[in-house]
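Structure at a glance
Here is what each chain is made of, one letter per residue.
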Amino acid sequence: MISRKIEVLVGSFLLLGFAAILMLMLKVADSQLGGSEDSYRLYAKFDNIGGLKVRSAIKVGGVVVGRVADISLDNSDFSPLVAMDISAKFNQFPSTSSVAILTSGLLGEQFIGLTPGFVDEDEDTVLMADDHIEDTRSAMVLEDLIGQFLYGNSDEE
Amino acid sequence: MLTNTNTITSLGRQGLDFLAGAGRAGLMLLGALKPSGRGRKMVPLLIKQLYVVGVQSLTIIMVSGLFIGMVISLQGYTILVDYGAEQSLGQMVALSLLRELGPVVSALLFAGRAGSALTAEIGLMKATEQISSLEMMAIDPLHQIVAPRFWAGIISLPLLGAIFSAVGILGGHLVGVDWLGVDTGAFWSIMQSSVEWKEDILNGGIKSLVFAIVVTWIALHKGYDAVPTSEGISKATTATVVQSSLAILGLDFVMTALMFGS
């Protein structure tokens, strides 16, 4: 029959394997146990989303508050519509907030920067689920910028 | 004219042989996975095979994982430092290990370390008439010999792949942070913000599982189907390593295209 030693070794092998999987999940992917947290969805229309991708971060002052859930093209006016899942912890953004597509570093990945607007004392309006954010600024496209720079210079001469 | 006919005949025979071999492999697996009604008695056999297939492959998997992680880290650093992006080293090491190198290299090592041993063992059992003796005693050799080895392979390889990736990331950390001086906080946090457990870890696990099924199946079939001579066993062992390696690399491309292609 199999000896005790083999049983112990097989047991520790299995434990080691599960420990490795657990380390990959928690330490490397940093996923929280307990599944996805609650979130609510906001929409914003841009003229140009540049290199924004699904699952790009949404940041307020550098703190990640949510992720881009979906990007689609509005068929009526042909502008990109971005759906954003914001963590339910942050549910007090005034409806005058604005969003802009920003770039981390000069050539880094793009994310959405949300700037909270002023709070109107008279009417207490916060952004609710499925609201649209009207005040948006599009992505900075490097080619456009270079083009503006070149043509801007030639105008002055 | 005669030679032409012979060529065509041999081509046809090869095709038929291939189909018959695939059929025998499928029947063998079906026979082995068929419920045998003696579930509890299988546990000691399975533990024995987990030891042979899993525990004994642990050393080579961990050592290779460590060195591969260290090499990716060293190579990645020399490239990334040119762009001032050496803090993304953790992301590069983790993603390349989890998505590709972990499942693929551990499966290749597994085919060489455990697959060849399975083939040789079963081939020798066949050559020494042990399989026929089991049948004489009314014990189904598929249940007694093939099934525990198959399950042991399927349980072991995904675990070995995960251990490979984990040790590789630690090796990458060793070289990148402790030797080359990348900031440890940036190493982990950029890795954590880019690695998704469904997208990367789960898909790597699926790859590992598919490789486990394919490699173990090929190894068992080659052994069970070997010509029972010393030459036949040597040919079967070679065929196991060659065919599983090709199958791993081919399937890896298909799965990568399906998982990450779009």
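Report on the accompanying structure. (Residues numbered from 1 in each chain as written. Chains lettered and ligands numbered in written order. Predicted model: local features only at pLDDT ≥ 70, side-chain atom pairs only at ≥ 80, totals over all residues.)

With that settled, the discussion passes to the overall build of chain B. Counting its secondary structure elements, chain B contains 9 helices and 0 strands. Counted from the first residue to the last, chain B has its helices and strands arranged as α-α-α-α-α-α-α-α-α. Its C-alpha atoms give chain B principal-axis dimensions of about 65 × 60 × 35 Å. Expressed as a percentage of the 262 residues in chain B, the buried residues total 43%. (Helix = DSSP H or I, 4+ residues; strand = E, 2+ residues; numbered from the N terminus. Buried ≥ 20, exposed ≤ 12 C-beta atoms within 10 Å, placed from the backbone.)

Given a rise of 1.5 Å per residue, 23 residues ought to cover 33 Å, and the 32 Å separating the end C-alpha atoms of helix α3 (residues 58-80) of chain B matches this to within 8%. Three or more residues of α3 of chain B are buried, namely I61, G65, I68, G69, M70, I72, S73, G76 and Y77 of chain B. (Expected span 1.5 Å × (residues − 1).)

Residues and elements named next belong to chain B. With their axes 9 Å apart at the nearest point, helix α8 (residues 197-224) and helix α9 (residues 230-260) run at an angle of 155° to one another. Between α8 and α9, the interaxial angle falls into the category roughly antiparallel. For the crossing formed where α8 meets α9, the hand is right-handed. Across from N203, K207, V210, F211, V214, V215, I218, A219, K222 and G223 in α8, the residues of α9 making contact are A236, A239, T240, Q243, S244, A247, I248, L251, D252, M255 and M259. Residues belonging to the contact of α8 with α9 are distributed by class as follows: 13 nonpolar, 5 polar and 3 charged. (Axes fitted to C-alpha atoms, helices over the stretch in contact; angles between N-to-C directions. Parallel < 35°, antiparallel > 145°, perpendicular 65-115°, else oblique. Left-handed = near helix turned anticlockwise from the far one by under 90°. Contact = placed C-beta atoms within 7 Å. Nonpolar A, V, L, I, M, F, W, Y, C, P; charged D, E, K, R; others polar.)

Attention now moves to helix α6 (residues 141-179) of chain B. Residue and element names in this part refer to chain B. Look at α6: 53 Å from first C-alpha to last across 39 residues, which is about the 57 Å you get at 1.5 Å a residue. Within α6, the axis deviates most sharply at A147, by approximately 30°, and proline P148 lies no more than four positions further along. Phi turns positive one or two residues past the end of α6, at G181, with a value near 85°. (Bend = angle between axes of the 7 residues up to and from the residue.)

Our next topic: the packing of helix α1 (residues 4-28) of chain A against α6 of chain B. Contact geometry of α1 of chain A with α6 of chain B gives a least axis separation of 8 Å together with a crossing angle of 55°. When the axes of α1 of chain A and α6 of chain B are compared, the pair comes out oblique. α1 of chain A and α6 of chain B meet at a crossing whose hand is left-handed. On the side of α1 of chain A, the interface is formed by L14, L16, G17, A20, I21, M23, L24 and V28 of chain A, while α6 of chain B contributes L159, A162, I163, S165, A166 and I169 of chain B. Of the residues belonging to the contact of α1 of chain A with α6 of chain B, the class tally is 12 nonpolar, 2 polar and no charged.

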